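Here is how the chains run, residue by residue.
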Amino acid sequence: MKLELKDSSLLKTQAFIDGQWVDGDAGETFTVMNPATGDAIAEVASVGQAETARAIAAADSAMLEWKALPAGQRSEILERWHALIIENIDDLAAIMTLEQGKPVFESKGEVMYGASYLKWFAEEGKRVYGDVLPSANDRRSIVIKQPVGVVAAITPWNFPNAMITRKAAPALAAGCAIVLKPAAETPLSALSLVELANRAGLPAGLFSVLPSSQSSKVGGEMTSNPVVKKLTFTGSTPVGKLLMKQCADTVKRTSMELGGNAPVIIFDDADLDLAVKGALVSKYRNSGQTCICANRLLVQEGIYDAFVEKFAAAVNDFRLGLGFDADTTHGPVVSKKALGDIDNIVQNAVKQGANVVTGGKPSDLGNCFYEPTILTNVDDNMSIFSEEIFGPVAPVFKFSSEEQAISMANDTEFGLAAYLYTENVGRIWRVSEGIEYGMVGVNETAISSEVIPFGGVKESGQGREGSKYGLDDYLETKYICIGGIQR
Ligand SMILES: NC(=O)c1ccc[n+]([C@@H]2O[C@H](COP(=O)([O-])OP(=O)(O)OC[C@H]3O[C@@H](n4cnc5c(N)ncnc54)[C@H](O)[C@@H]3O)[C@@H](O)[C@H]2O)c1
Ligand SMILES: O=C[C@H](O)CS(=O)(=O)O
């Protein structure tokens, strides 16, 4: 399938370092694949440690002038970048659908979502306030906020646009420079984004993008280079732990947006149709490849059968297909490896006694398509109870009491997002306060936006992205004490 763009110059295949499009030093490239068709889309430059070091040095230099600008001037550039993203949404969405597979309506939704962080932090960046502290005698004490320094970012493939702007927007708004390594599965979205930032007038060196098939070499430089003061990572918990360890030697600040194992807890007193709708959206958005997807459906025994019947009927209306086809509701998973990982989880559950209500195997469409799947007769002793599925598979667990539901929900090392459906106000408070998660949806699963503090607890990470709290991850607090006032 040939990529038809309104502006073909948005399809970039080189690295963007210090304001220049360059090949990797070794001239190496890697192939970007279309998960829906198995076709090669592009050969992209692959960079390593030396190029990363150059990007970090350029960021350090560019930041000196950038952080000294009035916040309003930084804001104007972010606003222009936002406008260019909106103007080019069709091309950005087409690039995303081609390399990640999600239906084009989801890609457009992500581009709008990603752009919203630029709009939000263009404004937030103008409100970095300090404090005057209670002072006495001949001293006066104040607090100021300053940009943390050069930021290194590493992002995943599942939201190849929004996970980047969710970091670049606050970093740049705070006065920082940022060097980014996107996922090798989806570098084209990142490269088109930085092209638009360049067109918006972002000064050279402030935002470099380092595509690579050697992530550990790029990450190794990012985590060891003392010029980098902050690492912000979105990805799996195992990789997040590794990167945190690598950052320890230079005591870098880190923000970690990691894995999830979201429960959707549906009580007997829930609005059943609302719960089915919310569970469907949460489970199968991006074909189940989001960090806050419903990973475990916990349904109280009184409505279990009715829920499964309604849920299965809706799933059977899904239309798997190519992301550009108008009647496609769900696309492929991102790679053959992901397809195999998902199928292994399903087959293991079946071996342990799970019942396949629908799906349960790779789709006859081939390539990276997996049938939307529902499993029943599952319990918390099975491996699927603890694994982040990251695919279109819904294990539906049964519980009897509220206390049991809270215990099951918390029986995981993860703590990103959780959801509950009940019409009982007391239960809303008891369960929302009793479950160990960074984000809780009540009678709603579409909880993400630029105004909310996105992030988790336990092994789902640390820090928050978006919201009025989002700049904190890119600022340092400095206390200044001025003496001799009475001289
Ligand atoms: N919490 C969130 O906001 C959030 C959002 C999206 C995805 N995720 C999580 O990400 C995971 C899926 O994404 P993924 O498969 O891309 O995750 P991943 O951890 O395999 O990869 C994420 C990024 O890290 C890079 N990477 C991998 N190993 C590295 C290393 N040794 N050094 C440096 N970089 C390295 C990858 O190239 C990629 O760019 C899931 O666990 C999902 O829950 C979390
Ligand atoms: O998968 C990760 C994303 O953060 C999910 S969302 O688009 O922010 O809800």
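The shown structure was predicted, so the numbers you read here are calculated from the model rather than taken from an experiment.

*Asks:* Just to check I follow, could you spell out the overall build of the chain for this structure?
*Replies:* The helix and strand inventory of the chain stands at 13 helices and 20 strands. A compact globule built from 487 residues should have a C-alpha radius of gyration of about 23 Å, and the chain, at 23 Å, falls within 12% of that. With the principal axes as the frame, the chain shows a C-alpha extent of 75 × 60 × 40 Å. In the chain, which comprises 487 residues, the share counted as buried stands at 56%. Look at the contacts in the chain between residues 6 or more apart in sequence, and 73% of them connect residues 24 or more apart. A total accessible area of about 18900 Å² is found for the chain, and carbon and sulfur atoms account for 52% of it. Looking at the chain, you have 44 positive and 60 negative side-chain charges, and the mean spots of the two groups are 7 Å apart.

*Asks:* Can you help me understand the domain arrangement of the chain in this one?
*Replies:* Often, the extent of an interface is quoted as the loss of accessible area upon association of its parts. If you check the domain split of the chain, you get domain 1 (8-259 + 460-478) and domain 2 (262-411 + 417-450). A separation of 31 Å is found between the C-alpha centroids of domain 1 and domain 2. Taken together, the contact pairs 27 residues of domain 1 with 24 residues of domain 2. Of all residues in domain 1, the largest losses of buried area upon contact with domain 2 belong to Pro35, Ala36 and Trp157, amounting jointly to 24% of the total for that side. Counting the contacts that link domain 1 with domain 2 gives 0 salt bridges. If you look at where domain 1 meets domain 2, you find 10 residue pairs in polar contact (both at pLDDT 80 or more). Contributions of two or more residues to the side of domain 1 that touches domain 2 are made by helix H3 (89-100) and helix H4 (104-124). The element best represented in the side of domain 1 that touches domain 2 is H4, accounting for 7 residues. Counted by class, the side of domain 1 that touches domain 2 contains 13 nonpolar, 10 polar and 4 charged residues.

*Asks:* So what exactly am I meant to see when it comes to the site of ligand 2 here?
*Replies:* Near ligand 2 you find Tyr113, Asn158, Phe159, Met163, Arg166, Arg285, Thr290, Cys291, Ile292, Ser448 and Phe454, and these make up its full shell. Measuring from an oxygen atom of ligand 2, one finds a side-chain N or O atom of Arg285 at 2.7 Å. In the complex, 99% of the free accessible area of ligand 2, which totals 280 Å², lies under the protein chains. When its residues are assigned to classes, the shell around ligand 2 shows 6 nonpolar, 3 polar and 2 charged. Both domains that meet at the shell around ligand 2, namely domain 1 (8-259 + 460-478) and domain 2 (262-411 + 417-450), each give it at least three residues.

*Asks:* Please explain H3 as it appears in this structure.
*Replies:* Note on helix geometry: an α-helix contains 3.6 residues per turn, so any two residues three or four positions apart are oriented the same way. Given a rise of 1.5 Å per residue, 12 residues ought to cover 16 Å, and the 16 Å separating the end C-alpha atoms of H3 matches this to within 8%. Counting buried positions along H3 yields 11 of 12 residues, so the element is predominantly enclosed. Residues of H3 that are buried: Ile89, Asp91, Leu92, Ala93, Ala94, Ile95, Met96, Thr97, Leu98, Glu99 and Gln100. Along its buried surface, H3 packs onto strand E3 (29-33), strand E4 (40-45), helix H2 (71-87), H4 and helix H6 (187-199). Phi for Gly101, located one or two positions after H3, is positive at around 105 degrees.

*Asks:* In this structure, what is going on with the confidence of the model for the chain? I would like to understand it.
*Replies:* A low pLDDT score tells you not to read the predicted coordinates there in detail. When pLDDT is averaged along the chain, the result is 97, and 100% of the positions lie at 70 or above. The complex model carries a pTM of 0.98, and its ipTM stands at 0.97.

*Asks:* Is there a simple way to explain the sheet that holds strand E13 (residues 294-300) in this structure?
*Replies:* Strand pairing within a sheet occurs via backbone hydrogen bonds; the two strands may be parallel or antiparallel. Strand order in this open sheet of 7 strands is E14-E15-E16-E13-E12-E17-E18, and the pairing throughout is mixed. Strand pairing shows two members of the sheet lacking a second neighbour, strand E14 (355-358) and strand E18 (439-442), which therefore form its edges. Recorded for the sheet is a direction-independent mean angle of 25 degrees between the axes of neighbouring strands. Two strands pair when backbone bridges link them, and strand E12 (residues 262-266) and E13 are joined in this way by 5 bridges, in the parallel orientation. By the bridge assignment for E13, Ile265 is matched with Leu298.

*Asks:* Explain the packing of helix H12 (residues 402-410) against helix H13 (residues 425-434) here, please?
*Replies:* Running from N to C, H12 and H13 cross one another at 30 degrees; their axes reach a closest spacing of 10 Å. As summarised for this structure, H12 and H13 are arranged roughly parallel, according to the angle between their axes. Between H12 and H13 the crossing geometry is right-handed. Packed against H12, whose contacting residues are Glu402, Ile406 and Asn410, the element H13 presents Arg427, Arg430, Val431 and Gly434 at the interface. In the contact of H12 with H13, the residues fall into 2 nonpolar, 2 polar and 3 charged.

*Asks:* Where do I start with the site of ligand 1 in this structure?
*Replies:* Taken together, the neighbourhood of ligand 1 is formed by 29 residues, with Thr155, Lys181, Ser236, Leu258 and Glu388 sitting nearest. The separation between an oxygen atom of ligand 1 and a polar main-chain atom of Thr155 is 2.7 Å. One of the backbone nitrogen or oxygen atoms of Leu258 is found 2.8 Å away from a nitrogen atom of ligand 1. Computed on the free molecule, ligand 1 has an accessible area of 840 Å², of which 86% lies beneath the protein chains in the complex. Among the domains, domain 1 (8-259 + 460-478) and domain 2 (262-411 + 417-450) are the pair contributing at least three residues each to the shell around ligand 1.

*Asks:* Could you clarify how one ought to interpret the UniProt feature "active site" (unreviewed entry) in the chain in this entry?
*Replies:* Look at the UniProt record and you will see "active site" (unreviewed entry) annotated at Glu257. Looking at the secondary structure, you find Glu257 in strand E11 (residues 253-257). A relative accessible area of 3% places Glu257 in the buried class. When residues no more than four places from it in sequence are discounted, the contact partners of Glu257 are Arg166, Phe233, Thr234, Gly235, Leu416, Phe454, Gly455, Ser460, Gly463, Arg464 and Glu465.

Rules of the game
Residues numbered from 1 in each chain as written. Chains lettered and ligands numbered in written order. Predicted model: local features only at pLDDT ≥ 70, side-chain atom pairs only at ≥ 80, totals over all residues. Heavy atoms only, no water. Helix = DSSP H or I, 4+ residues; strand = E, 2+ residues; numbered from the N terminus. Rg over C-alpha atoms; globule rule 2.2 N^0.38 Å. Buried < 20%, exposed > 50% of the residue type's maximum accessible area, 1.4 Å probe, protein only. Contact = heavy atoms within 4.5 Å. Areas by Shrake-Rupley, 256 points an atom, 1.4 Å probe, with all protein chains shown as cover. Lys, Arg positive; Asp, Glu negative; His and termini not counted. Charge placed at Lys NZ, Arg CZ, Asp CG, Glu CD. Domains from an automatic or database assignment. Buried area = accessible area lost by both parts, 1.4 Å probe. Salt bridge = Lys/Arg side-chain N within 4 Å of Asp/Glu carboxyl O. Polar contact = N/O pair within 3.5 Å; in protein donor to acceptor, adjacent residues only side chain to side chain. Nonpolar A, V, L, I, M, F, W, Y, C, P; charged D, E, K, R; others polar. Near = heavy atom within 4 Å. Expected span 1.5 Å × (residues − 1). pLDDT = per-residue confidence, 0-100. Pairing = 2+ DSSP bridges. Axes fitted to C-alpha atoms, helices over the stretch in contact; angles between N-to-C directions. Parallel < 35°, antiparallel > 145°, perpendicular 65-115°, else oblique. Left-handed = near helix turned anticlockwise from the far one by under 90°. UniProt positions renumbered as here; feature names shortened; annotations may be inferred.

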